Amino acid sequence: MQNNTIIAVDNSGSYRVYLTITTEMCDHAMQIHECSTTAAAALGRTLTASGLMGLMLKGMGDKLTVQFKGDGPAEQVLATANAMGQVKGYIVNPAVELPPRPDGHLNVGAAIGKGSLTVIKDLGLKEPYVGTIPLVSGEIALDITQYFAVSEQQPSGVALGVRFTPDRTHVAHAGGLIVQVLPNADENCLDKLEELLTLMDDLTLLIDDAGEDLYKLLDIIFASMPEEYKPRVLEERNISWLCGCSKERMAQALVSIGKDDLTQIIEEDKGAELTCQFCRKKYNFTEDELVELLKYATVR
């Protein structure tokens with residue numbers, strides 16, 4: 001599989017770049033969840049940001065969850081990622097569709113509404129790290145930027161984009177950029193970097209210009225930076241969709257509801273069908289299988 005993500009640092013050691021093209025993953029998620037364009041944009045941006053944040057984790061067993069929860073019709077967008085760049089996610093209301101904003105862009109902010117962004121990091125410690133901030137805009141990128149500034153004290157610039165085919169049935173281009181300031185950064189470099197990020201075109205348009213070539217995209221984005229401040233690639237990584245659900249995990253979920261509830265399902269339904277909220281795959285359990293699981297359930 002060809003890598004779709006690069007990590008770079010500028011020649012002066014002032015900032016680090018995480019850049020990815022996630023068109024295939026975002027389209028896959030759109031088709032699985034049968035999303036409207038507004039929902040697919042919200043989910044795609046969240047998946048992309050989560051994938052990049054996952055690559056920032058240190059331990060190979062580390063993982064994180066990114067949750068946008070608001071009072072808008074989308075209700076909630078959630079994604080999980082690990083340090084290997086494996087991502088999955090869902091949106092509670094995949095059919096949400098709103099009129100575009102005055103500038104013509106999809107109104108993801110209104111779809112999510114007012115609420116909170118929560119990032120949960122499971123780093124293998126006794127308790128996970130949990131950071132929660134009020135939503136700034138609900139447009140995902142600005143909220144992730146604010147999260148880095150408030151919860152991690154990490155000055156960052158974030159750009160996320162999902163663009164659709166003319167018939168609005170597939171993702172044409174999708175990607176993400178996170179730029180993070182490093183300690184002892186050159187102030188002149190940061191001034192030029194801030195100007196670049198402020199004036200930068202829509203990321204999906206730049207991906208189109210680059211023909212989805214990561215290295216060309218990096219050159220296009222940072223073309224205006226002086227040579228001493230241009231980024232050089234340190235490593236290639238990959239961000240991809242992976243659910244990882246199984247009948248065994250669904251069985252554990254049934255056991256976890258407790259003996260009374262599981263008994264009620266057996267008596268009333270004579271079986272069960274569970275659907276994975278991430279990949280929509282269905283798992284069926286016969287009455288005999290449920291009776292067997294009942295042995296492991298506890299009284300709640």
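What counts, and at which threshold
- Residues numbered from 1 in each chain as written.
- Predicted model: local features only at pLDDT ≥ 70, side-chain atom pairs only at ≥ 80, totals over all residues.
- Heavy atoms only, no water.
- Helix = DSSP H or I, 4+ residues; strand = E, 2+ residues; numbered from the N terminus.
- Rg over C-alpha atoms; globule rule 2.2 N^0.38 Å.
- Buried < 20%, exposed > 50% of the residue type's maximum accessible area, 1.4 Å probe, protein only.
- Contact = heavy atoms within 4.5 Å.
- Lys, Arg positive; Asp, Glu negative; His and termini not counted.
- Charge placed at Lys NZ, Arg CZ, Asp CG, Glu CD.
- Core = buried A, V, L, I, M, F, W, Y, C linked by side-chain atoms within 4.5 Å.

1. Considerations on the overall build of the chain
Helix and strand counts for the chain stand at 10 helices and 13 strands. Relative to a compact globule of 300 residues, whose C-alpha radius of gyration would be 19 Å, the chain shows 21 Å and is just as compact. Projected onto its principal axes, the C-alpha positions of the chain cover 70 × 45 × 40 Å. Taking all 300 residues of the chain together, the buried fraction comes to 51%. Within the chain, counting contacts between residues at least 6 apart in sequence, those at least 24 apart form 66% of the total. If you average the places of the 26 positive and of the 42 negative side-chain charges in the chain, the two averages end up 5 Å apart.

2. A look at the nonpolar core
One finds Met53, Phe68, Ile91, Leu117, Ile144 and Phe285 to be the most contacted residues of the largest nonpolar core, which totals 72 residues. Looking at which element gives the most residues to this core, the answer is helix H2 (residues 37-55), with 10 residues. The residues contacting Leu117, other than those within four sequence positions of it, are Val66, Gln67, Phe68, Gly131, Thr132, Ile133, Leu135, Asp143, Ile144 and Tyr147. Counting residues in each nonpolar core, the second largest holds 25 residues, with Leu19, Ala159, Leu193 and Ala210 among its members.

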